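What follows is each chain in one-letter form.
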Amino acid sequence: MEQKWPQQLWIVRHGQSAGNVARDTAEAEKQLLISIAERDIDVPLSGLGEQQAEALGDWFLTLPLEQQPTVVLYSPYVRARETAQAVLSRLDKSSLVSVVADERLREKEFGILDRLTVHGIASKYPELHEQRQHVGKFYFRPPGGESWCDVILRLRSVLDTVTREYRGERVLIVGHQVIVNCLRYLLERCDEQAILAIDKAADVPNCSVTSYAFNPALGKHGKLQLDLCNFVAPLEASGTPITAQPDMPAAPKA
């Protein structure tokens with residue numbers, strides 16, 4: 001039977017963004033609102049984020065040509081697009097099968113909680129704050145926003161596209177922290193408890209690589225097998241500092 005999965009799948013979180021920096025400042029000063037003028041979709045990489053994205057691109061360039069990505073899918077948010085472009089600038093264009101900005105890879109939508117700090121959520125919407133603590137981030141959906149389940153639903157569609165159009169290819173996905181974790185939920189067949197334990201243990205470092213290789217010996221027709229998890233060695237090797245910061249807006253850990 002024909003192989004269903006890509007030969008290799010990399011999932012990368014974007015580099016540090018200006019929003020990450022603004023969020024840290026707002027949290028440290030116990031402000032209610034993250035001070036940033038752009039829409040979330042328009043928030044660019046910070047200076048450090050640009051360095052991280054360049055280092056990530058350099059790491060992909062060190063791979064032999066036959067091991068480099070042939071497909072690049074990325075969130076249309078500026079910080080993810082800039083990260084993807086740093087990698088694309090180093091790849092052999094003649095080897096690329098497809099490069100797509102896919103809105104299904106966008107950041108989780110926060111609705112009325114957008115740009116609020118943890119303190120801001122508790123102060124402005126105490127009932128929602130209490131409800132979220134009770135329900136947990138996996139199922140809690142803020143008004144006008146998404147739960148993790150909502151994100152997972154659109155990512156199921158992404159994986160349908162990947163298995164239909166890119167089987168046997170080497171696919172790079174560039175997105176956001178929640179995208180990395182929710183794809184892990186699907187690919188590793190987690191349940192709520194398992195994925196929230198992963199999320200609680202540590203943030204996904206900016207520009208870290210989580211990857212899966214196709215193993216034909218798994219299951220009846222082969223499956224993707226985890227071979228790298230939040231891999232930051234290429235950035236460390238380049239001398240670029242690593243930071244692991246949640247995307248905006250901040251939210252309490254489940």
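Conventions adopted
- Residues numbered from 1 in each chain as written.
- Predicted model: local features only at pLDDT ≥ 70, side-chain atom pairs only at ≥ 80, totals over all residues.
- Heavy atoms only, no water.
- Axes fitted to C-alpha atoms, helices over the stretch in contact; angles between N-to-C directions.
- Helix = DSSP H or I, 4+ residues; strand = E, 2+ residues; numbered from the N terminus.
- Left-handed = near helix turned anticlockwise from the far one by under 90°.
- Contact = heavy atoms within 4.5 Å.
- Expected span 1.5 Å × (residues − 1).
- Buried < 20%, exposed > 50% of the residue type's maximum accessible area, 1.4 Å probe, protein only.
- Core = buried A, V, L, I, M, F, W, Y, C linked by side-chain atoms within 4.5 Å.
- Pairing = 2+ DSSP bridges.
- Salt bridge = Lys/Arg side-chain N within 4 Å of Asp/Glu carboxyl O.

J.: Report on the packing of helix 2 (residues 47-62) against helix 3 (residues 78-88), specifying residues and quantitative values.
T.: Their axes nearest at 7 Å, the elements helix 2 and helix 3 cross at an angle of 35°. The hand of the helix 2/helix 3 crossing is right-handed. Together, Ala-53, Glu-54, Leu-56, Gly-57 and Phe-60 of helix 2 and Thr-83, Ala-86 and Val-87 of helix 3 make up the contact between the two elements.

J.: Which residues make up helix 2, and what are the values?
T.: Count 3.6 residues to each turn of an α-helix, and residues three or four apart come out pointing the same way. An ideal rise of 1.5 Å per residue puts 22 Å on 16 residues; helix 2 measures up with 23 Å between its terminal C-alpha atoms. Residues Leu-48, Gly-49, Gln-52, Ala-53, Ala-55, Leu-56, Gly-57, Trp-59 and Phe-60 constitute the buried set of helix 2.

J.: So what's going on with the nonpolar core? Which residues, and what values?
T.: With 32 residues, the main nonpolar core has Leu-9, Leu-73, Leu-155 and Leu-187 as its most contacted residues. Among the elements of the structure, strand 1 (8-13), strand 2 (71-74), helix 6 (148-165), strand 4 (170-175), helix 7 (177-187), helix 8 (192-201) and strand 5 (209-215) are those that each provide at least two residues to this core. At 8 residues, the largest contribution of residues to this core is made by helix 7. If we skip the residues at most four places from it in the chain, Leu-187 touches Trp-5, Leu-9, Ile-11, Leu-159, Tyr-212 and Leu-224. With 21 residues, the next largest nonpolar core counts Phe-60, Val-72, Val-87 and Leu-88 among its residues.

J.: I'd like a description of the sheet that holds strand 2, backed by residues and values.
T.: Ordered in space as 3-2-4-1-5-6, the 6 strands form an open sheet in which the pairing is mixed. What marks the edges here is a single partner per strand, and that holds for strand 3 (98-101) and strand 6 (223-231). Direction aside, the axes of adjacent strands within the sheet are offset by 15° on average. Sheet analysis places strand 1 next to strand 5, joined by 5 bridges and oriented antiparallel. Looking at strand 5, one finds that Trp-10 is bridged to Ser-211. On the sheet, helix 2 packs against strand 1, strand 4, strand 5 and strand 6 and is oriented at approximately 165° with respect to strand 1.

J.: Explain the pattern of salt bridges to me, and be specific about the residues and the numbers.
T.: Proximity of charged atoms lets side chains of opposite charge pair with each other. What the rule picks out here adds up to 13 salt bridges. Close ionic contact of Asp-40 with Arg-79 constitutes a salt bridge, the shortest N to O distance being 3.0 Å. Here Asp-40 is found in the loop between helix 1 (18-28) and helix 2, whereas its partner Arg-79 is found in helix 3, with 39 residues between them in sequence. Considered together, Asp-40 and Arg-79 belong to a single accessibility category, that of buried residues. One salt bridge in this structure joins Glu-188 and Arg-184, with 2.8 Å as the shortest N-O distance. Residue classification places Arg-184 among the buried residues on the basis of a relative accessible area of 7%.

Structural measurements only, silent on function.
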